[in-house]
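The chain contents come next:
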Amino acid sequence: MAAPAAMIPYFGQQMSSKNDLVPDWTRQEVSTGTTIMAVEYDGGVVIGADSRTTTGAYIANRVTDKLTPIHDRIFCCRSGSAADTQAIADVVTYHLNVHSGVIELDEPPLVETAANLFRASCYRYREELTAGILVAGWGGVSFKKILNPVAVGGSGSTYIYGFMDSNYKPGLNKDQCLELTAAALSLAMERDGSSGGVVRLATISEEGVERRVILGNQLPKFSSH
Amino acid sequence: MFNDIVPNPNMTYNRFKSLLLNTKNLTRPFLIHPSVQMENPPLVIAAASVLKELCYKNKEELQAGFITAGWDRKNGPQVYVVSLGGMLISQPVTIGGSGSTYIYGYVDAKYKPNMSREECLQFATNALALAMGRDNVSGGVAHLVVITEKGVEHVVVPGDKLPKFHDE
């Protein structure tokens, strides 16, 4: 990506936008088109994402990690503009470190606190930003509130609303959640051009964070028609 | 209640998902005429091709897509899709319309070839119910049409009899 980026300003001034020598995607913003998901189970949460980052029709990164740690047991799933979501995540990570570092608390920050920090940035700058973020984690015993047991997001999420409505039920255990997330992401990646690559999963619980990757040939297969 | 499943002579049904309200009446003359002259009822692909010609030749003016499904003696049960630009392809299962985006995942996961009639009806009802639950411009009742060698059966599932899923 570094080489074309260095060439663009020079060529951009000399050549018209219709010129074939400079492909269209060099002028596009980098976007994580995406399918992202988070499912809660008793004791933790499973999050998952695809791994495709696009600039127009070009896949800039086919092994992207869209599951970004914000704190020890809090993650965010990023969709939208890659630059915007990375910048917001950095800001929230900084604030949470200040929160638990400077203001010495006995307990780790609540997931809801992280979500509120995201909301503060996303709402205030909503005209300038393109970002859809899922915040998930395991945070604190004293305050338990089911904000949303399941959430999906990103451009690929529209294709799996029906699948999620019919297949999710409350009371799933960790392995069932992992299977459901992997299946849903595979289905979305099959249909959405902006989602693809590998499936990245993470399980966040009191014990810690466990990450895994499901490669393309190991993804669940469905009847192709 | 606007019923957008329209019969053509002899067991070919067209499902319309279009903005142009006149398309419903255009295919009948094309298909009734040949079957007056020939002994056999028209082939499903013939009906689909008529629609394809309309869509392809008038692609600048029209915004229309069709699903044509039926039974004929030569090839048995068939499903054809004519997309917006006028491409005609045959598929074992297909979905369309604004609500279809929400059920691509469900249909890909749940469809298997060689289902029985009851399995197919349940699959279609479930898929429609899920889409109607998510799409704001889809809803009301579900109209299902079962087309076989023996004939055509129209099944109507009112909204309160549709399967309920776990959604907020």
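Residues numbered from 1 in each chain as written. Chains lettered and ligands numbered in written order. Predicted model: local features only at pLDDT ≥ 70, side-chain atom pairs only at ≥ 80, totals over all residues. Heavy atoms only, no water.

This brings us to the interface of chain B and chain A. If you look at the interface, chain B gives 20 residues, while chain A gives 16 residues. Carbon and sulfur atoms make up 60% of the surface buried where chain B meets chain A, a total of about 1,700 Å² over both sides. When the buried area of chain B at its contact with chain A is split by residue, Y102(B), D108(B) and H166(B) rank highest and sum to 34% of it. Viewed at the interface, chain A and chain B are joined by 2 salt bridges. Of the charged contacts, one joins R191(A) and D108(B) as a salt bridge, the two residues approaching to 2.9 Å between their closest N and O atoms. (Contact = heavy atoms within 4.5 Å. Buried area = accessible area lost by both parts, 1.4 Å probe. Salt bridge = Lys/Arg side-chain N within 4 Å of Asp/Glu carboxyl O.)

What follows concerns the UniProt feature "active site" (unreviewed entry) in chain A. Residue and element names in this part refer to chain A. The UniProt feature table records "active site" (unreviewed entry) at T34. In this structure, T34 sits in the loop between β1 (30-32) and β2 (36-41). Residue contacts for T34: discarding those within four places in its chain leaves D50, K66, R78, S79, G153, G154, S155, G156, D192, S194 and S195. (UniProt positions renumbered as here; feature names shortened; annotations may be inferred. Helix = DSSP H or I, 4+ residues; strand = E, 2+ residues; numbered from the N terminus.)

Residue and element names in this part refer to chain A. As for its position among the elements, D192 is in the loop between α5 (174-191) and β10 (199-205). For D192, which is buried and forms no salt bridge, the nearest opposite charge comes from R52, at a distance of 7.6 Å. A distance of 3.3 Å separates a polar atom in the side chain of D192 from the backbone nitrogen of S194. Polar side-chain contacts of D192 include one of 2.8 Å to the side chain of S195. Discounting chain neighbours no more than four positions away, the residues touching D192 are T34, T35, S155, G156 and Y159. (Buried < 20%, exposed > 50% of the residue type's maximum accessible area, 1.4 Å probe, protein only. Lys, Arg positive; Asp, Glu negative; His and termini not counted. Polar contact = N/O pair within 3.5 Å; in protein donor to acceptor, adjacent residues only side chain to side chain.)

Before going further, it helps to examine the sheet that holds strand β3 (residues 44-49) of chain A. Residues and elements named next belong to chain A. Ordered by their spatial adjacency, 5 strands build an open sheet running β9-β2-β3-β10-β11, and the pairing between neighbours is antiparallel. With one partner strand each, in any of the chains shown, β9 (150-153) and β11 (208-214) form the two edges of the open sheet. On average, each strand axis in the sheet is inclined to that of its neighbour by 15°, with strand direction left out of account. The pairing of β3 with β10 spans 6 bridges and is antiparallel. Across the sheet, residue A49 finds its bridge partner in β10, namely R200. Sitting on the sheet, α5 touches β2, β3, β10 and β11, and the angle it makes with β2 is about 165°. (Pairing = 2+ DSSP bridges. Axes fitted to C-alpha atoms, helices over the stretch in contact; angles between N-to-C directions.)

The subject of this paragraph is unusual backbone geometry. Although it is not a glycine, T34(A) adopts a positive phi angle of roughly 85°. Its identity is not glycine, yet N114(B) carries a phi of approximately 60°, on the positive side. Looking at where N114(B) falls in the secondary structure, it is placed in the loop between α3 (104-110) and α4 (117-134). When its relative accessible area of 79% is taken as the criterion, N114(B) is described as exposed.

Residues and elements named next belong to chain A. Along the chain, T53 turns up in strand β4 (residues 53-55). Overall, the relative accessible area of 5% leaves T53 in the buried class. Side chain to side chain, T53 and T64 meet in a polar contact 2.6 Å long.

Here we take up the nonpolar core. Core analysis: the largest hydrophobic core is formed by 34 residues, its most contacted members being I160(A), F163(A) and M164(A). Contributing elements (two or more residues each) for this core: β2, α4 (161-167), α5 and β10 of chain A together with α3 and α4 of chain B. One finds A38(A), L67(A), A202(A) and I204(A) within the second-largest nonpolar core, a separate group that totals 12 residues. (Core = buried A, V, L, I, M, F, W, Y, C linked by side-chain atoms within 4.5 Å.)

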